[in-house]
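# Residue-level structure breakdown
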Amino acid sequence: MDAIDAARAVVEERHPVARAAFLGGSVVTGRRTTMSDLDIVVLLHGSPAPYRASLRSGAWPVEMFVHTEATWHAYIQREVRKRRSPLLWMCADGILLFDKDGVGTQLAAAARKLTAAGPPGASAEEIDDRRYAITDLLDDLAGSTDQAERLFIATELVRRTGELALTAGGSWNGGGKWLARRLEPTAPGLNMRLHDGLRDVLAGRIEPLAAVVDEVLEQVGGRLWVGYQRGGTP
């Protein structure tokens with residue numbers, strides 16, 4: 001059974017009175033792999049939504065994201081503020097499996113409008129928090145002689161630098177593979193330079209990775225450590 005038929009069958013089995021459903025994620029793109037699952041967004045009139053579940057249907061691993069129209073909007077609003085919303089993209093770029101009353105078409109149009117508009121900008125405070133955290137990691141990397149420590153410091157540096165580059169470029173954020181996918185059109189070549197820098201750290205050379213990280217930092221004001229301050233919670 002192909003992905004679309006399998007997704008429809010899962011929804012019919014689990015939620016036969018669903019209003020609409022989308023199939024999103026890698027399985028509907030050219031990046032599909034043998035491990036790709038069915039990412040399915042389901043719209044219900046009410047209970048038991050909202051919930052998320054992982055299951056298996058035949059040969060397919062399935063991730064279901066089940067919402068009402070109201071909870072869909074609430075989740076999207078919360079995720080958009082974080083500039084990272086898998087739910088939004090599943091409905092903007094995914095396949096509308098069926099739409100019994102028009103809600104699927106409406107939400108798909110709303111999702112496409114939001115993705116096209118881009119994420120909200122980051123505050124100066126958030127940028128400084130990111131600069132500080134990355135600067136601290138660079139200092140840790142420079143001071144460490146332990147290869148195990150260097151591995152985890154460098155890995156964290158790569159992730160945080162990628163996220164900062166997306167923020168600086170006004171792009172949506174992503175996690176895991178989606179961080180790499182969002183990064184390539186925003187900062188072409190940075191993925192590979194970070195990859196090579198991490199490899200160099202593992203070989204005992206920290207300077208190439210530090211240079212790449214500093215280039216990204218310079219886009220938002222450079223390193224920040226002395227003078228950084230945040231108030232605590234009483």
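Residues numbered from 1 in each chain as written. Predicted model: local features only at pLDDT ≥ 70, side-chain atom pairs only at ≥ 80, totals over all residues. Heavy atoms only, no water.

## Digging into the environment of T68
For T68, the location among the structural elements is in strand β4 (residues 60-68). For T68, a relative accessible area of 10% gives the class buried. Separated by 26 residues in sequence, T68 and V42 have C-alpha atoms that sit 8.2 Å apart. Residue contacts for T68: discarding those within four places in its chain leaves L43, L44, H45, G46 and A49. (Helix = DSSP H or I, 4+ residues; strand = E, 2+ residues; numbered from the N terminus. Buried < 20%, exposed > 50% of the residue type's maximum accessible area, 1.4 Å probe, protein only. Contact = heavy atoms within 4.5 Å.)

## Quick word on helix α5 (residues 124-143)
For α5, which comprises 20 residues, the first-to-last C-alpha distance of 29 Å matches the rise-based estimate of 28 Å (1.5 Å per residue) to within 8%. Those residues of α5 that fall on the buried side of the exposure criterion are I127, R130, R131, A133, I134, T135, L137, L138 and L141. Packed against the buried residues of α5 are α6 (147-168), α8 (190-202) and α9 (207-218). (Expected span 1.5 Å × (residues − 1).)

## Observations concerning the sheet that holds strand β2 (residues 38-44)
The strand order across the open sheet built from 5 strands is β3-β4-β2-β1-β5, with neighbouring strands paired in mixed fashion. Each of the sheet's edge strands pairs with one partner strand only, and the pair in question is β3 (51-57) and β5 (95-99). Strand-to-strand twist across the sheet, computed as the mean angle between neighbouring axes with direction ignored, equals 20°. Where strand β1 (residues 20-24) meets β2, 5 bridges bridge the pair, whose relative direction is antiparallel. Along β2, the bridge assignment pairs F22 with V41. Sitting on the sheet, helix α1 (residues 3-14) is in contact with β1, β2, β3, β4 and β5, with an inclination near 40° to β2. Those strands touched by helix α3 (residues 86-93) are β1, β2, β4 and β5, and its axis lies near 90° from that of β2. (Pairing = 2+ DSSP bridges. Axes fitted to C-alpha atoms, helices over the stretch in contact; angles between N-to-C directions.)

## Regarding the pattern of salt bridges
Between side chains of opposite charge, a pair can form as their charged atoms come close. Applying the stated criterion across every chain, the model contains 17 salt bridges. As a salt-bridge pair, D139 and R223 come within 3.9 Å of each other at their nearest N and O atoms. Of the two residues, D139 sits in helix α5 while R223 sits in the segment after α9, which places them 84 residues apart along the sequence. A relative accessible area of 39% means that D139 is categorised as partly exposed. Across the pair R205 and D200 runs a salt bridge, and its minimum N-O distance is 2.8 Å. Residue classification places R205 among the partly exposed positions, given a relative accessible area of 41%. Taken together, the shared-partner salt bridges in this structure form one network comprising R83, E126, R130, E156, R159, R160 and E163. (Salt bridge = Lys/Arg side-chain N within 4 Å of Asp/Glu carboxyl O.)

## Side note on the packing of helix α2 (residues 69-81) against α3
The geometry of α2 relative to α3 is characterised by a closest axis approach of 8 Å and an angle of 115° between their N-to-C directions. Where α2 abuts α3, its residues W72, Y75, I76, E79 and V80 lie against P86, L87, L88 and C91. Here the residues of the contact of α2 with α3 are counted per class, giving 8 nonpolar, no polar and 1 charged. (Nonpolar A, V, L, I, M, F, W, Y, C, P; charged D, E, K, R; others polar.)

## So, the nonpolar core
Proteins that are soluble and globular tend to have nonpolar side chains buried together. Ranked by size, the top nonpolar core spans 26 residues in total, and within it L157, L190 and L209 carry the most contacts. Among the elements of the structure, α5, α6, α7 (177-186), α8 and α9 are those that each provide at least two residues to this core. Considering every element that reaches this core, the biggest residue donor is α6, with 7 residues. When neighbours within four sequence positions are excluded, L190 is seen to be in contact with A165, L183, V212 and V216. Counting residues in each nonpolar core, the second largest holds 20 residues, with A7, V10, V11 and L38 among its members. (Core = buried A, V, L, I, M, F, W, Y, C linked by side-chain atoms within 4.5 Å.)

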